[in-house]
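Each chain, written out:
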Amino acid sequence: ILFATLLTWIIPAGQYVRVENADGVKVVDPNQFSFIDRCPVNPLLIPLYIVNSMCKRVDLMLVIIFSGGAFDLISKSGALHSAVARVAKVFQNRLYIFIPIMTTIFALICTTQVIAFAPVVVMITLAMGLDSIVGAAIILLGGAVGFATGTVNPSTTVVAQKIAELPLFSGIQYRAVCFVVFLIITNIYLVRYALKIRKNPELSPMYDLDSQNEQKDLDIDSFGTMDVRKTLIIIALVAALAGMVVGSVKFGWDMPELASVFVGLGIVVGFIAGETPSNMSKVFVEGCKKMLTAAMIIGLASAIASIMSAGKIVDTVVYALASCLRHTPSFFMAPAMYIANTLINCVIVSGSGQAAAIMPIMIPLSDLLGVTRQTSVLAYNFGDGFCNYILPHSTALMGIISAVNIPYDRWLKFIWKLFLIWAVTACIMTAIAQGIHLGPM
């Protein structure tokens, strides 16, 4: 925020003329840019920009906060713990089935709230004769695919599409294709690693530490069995996620409706689990607290865009970026936007925060370069998502590997090759999206 304020005193103010396109959305006219009088932002007004930005994003912040409350109730019920153990017991000798099933489950959930499940999954993989990296990777890599492709992710795709003035969850068909492509690639990588470790445990970067882990001798049956209550909780979770997509696509739901779904999910899960209303409220509030930082980041990051907009430098930055990217081969425009988002993610690791900070720049830039806004959102999703699983300051990564005592350097030995594969695949998928003019807009 301070840096953005400083830039309003350094970068010349500029402005594009905006016109309505065929869809009734205001876009920049690439041929009408002009420099205007400077209007630097007063640093003393920064707190006011923060408050105003939070007021504008309060509906989105509530979606993030209430999702934390709902998932904390699901975690406390033990439903996902028992479901994972049951699947492991059935397929413990068929890793090529067990691992894809588990990564798909966590890819569909795609939330950092699964940190609570990490020790359980690691204990299960150790009981199966694998290492702790496989257990952590099932959650992290599954989550990476679900989060980065953004198929039904309210904290990234919805935020970016709202800023881009796109219908919520539009373009879901192509994102679903990306989801499948990345899921297949990721599972091939992970299954090959798991088979190698089972055959020769000493090849694991975690061999010495896992050998000292008392949990390796646990029985899978100790994680509890699925009962009617837990089954109903899983059904409620799936129904809520599906309902958000259908409601947004078919009935035009926006942030207030999505936030209310998470409140409703928490209430339903609480009653199914047999919680009293008072205890249900306590657990829900505790879950909300865990997501408060993420919600605050959205408001703070929105202040960055507001300050740059008030200082009239957003269009100047867009003009400069467009001038540089015009020298990029046309077929590489979308991949270049993905690479730019990846670099930005090294600084802004919050997915929703990055969307709030960078999409106001990327959207007019995509309009200028002839890249659809939907493709721009896809490039943002990929750039923000996959990078989170190699960065040492990513809360999603560090939260899980610290919960299961995997040192960062040992995780990096496992993940670096897969990240390069993800990067190449992301360039290909964004190039295809650009080639087919992925829409709407």
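Our subject is the structure listed above.
To start, this report covers the structure provided alongside it.

## Description of the overall build of the protein chain
Working step 1: A tally of helices and strands in the protein chain yields 20 helices and 2 strands.
Working step 2: Relative to its full complement of 441 residues, the protein chain shows a buried share of 56%.
Working step 3: A separation of at least 24 residues holds for 79% of the contacts in the protein chain among residues at least 6 apart in sequence.
Working step 4: A total accessible area of about 18,600 Å² is found for the protein chain, and carbon and sulfur atoms account for 66% of it.

## Notes on the packing of aromatic side chains
Working step 1: Per the counting criterion, the structure on display carries 9 aromatic pairs.
Working step 2: Note on Phe-382 and Phe-386: the rings are 6.0 Å apart at their centroids and 40 degrees apart in plane angle, and the pair reads as tilted.
Working step 3: Taking relative accessible area as the criterion, Phe-382 reaches 0% and is therefore assigned buried.
Working step 4: Through pairs of rings, three or more aromatic residues link up here, namely Phe-182, Phe-382, Phe-386 and Trp-422.

## Structural notes on the nonpolar core
Working step 1: In this structure, Phe-98, Met-359, Trp-411, Phe-414 and Trp-422 are the most contacted members of the largest nonpolar core, which totals 140 residues.
Working step 2: With residues near it in sequence (within four places) discarded, Phe-414 still touches Ile-133, Ala-137, Leu-141, Tyr-189, Leu-190 and Tyr-193.

## Digging into the packing of helix α6 (residues 118-127) against helix α7 (residues 132-149)
Working step 1: Contact pair α6 / α7: the axes reach a minimum separation of 7 Å and the direction vectors enclose 135 degrees. Classified by the interaxial angle, the pair formed by α6 and α7 is oblique. Remark: the crossing between α6 and α7 carries right-handed chirality. Contact residues: α6 offers Ala-118, Val-121, Val-122, Thr-125 and Leu-126, while α7 offers Ser-132, Val-134, Gly-135, Ala-136, Ile-138 and Ile-139.
Working step 2: Split by residue class, the contact of α6 with α7 holds 8 nonpolar, 3 polar and no charged.

Rules used throughout
- Residues numbered from 1 in each chain as written.
- Predicted model: local features only at pLDDT ≥ 70, side-chain atom pairs only at ≥ 80, totals over all residues.
- Heavy atoms only, no water.
- Helix = DSSP H or I, 4+ residues; strand = E, 2+ residues; numbered from the N terminus.
- Buried < 20%, exposed > 50% of the residue type's maximum accessible area, 1.4 Å probe, protein only.
- Contact = heavy atoms within 4.5 Å.
- Areas by Shrake-Rupley, 256 points an atom, 1.4 Å probe, with all protein chains shown as cover.
- Phe/Tyr/Trp six-rings, centres within 6.5 Å; stacked < 30°, edge-to-face > 60°.
- Core = buried A, V, L, I, M, F, W, Y, C linked by side-chain atoms within 4.5 Å.
- Axes fitted to C-alpha atoms, helices over the stretch in contact; angles between N-to-C directions.
- Parallel < 35°, antiparallel > 145°, perpendicular 65-115°, else oblique.
- Left-handed = near helix turned anticlockwise from the far one by under 90°.
- Nonpolar A, V, L, I, M, F, W, Y, C, P; charged D, E, K, R; others polar.

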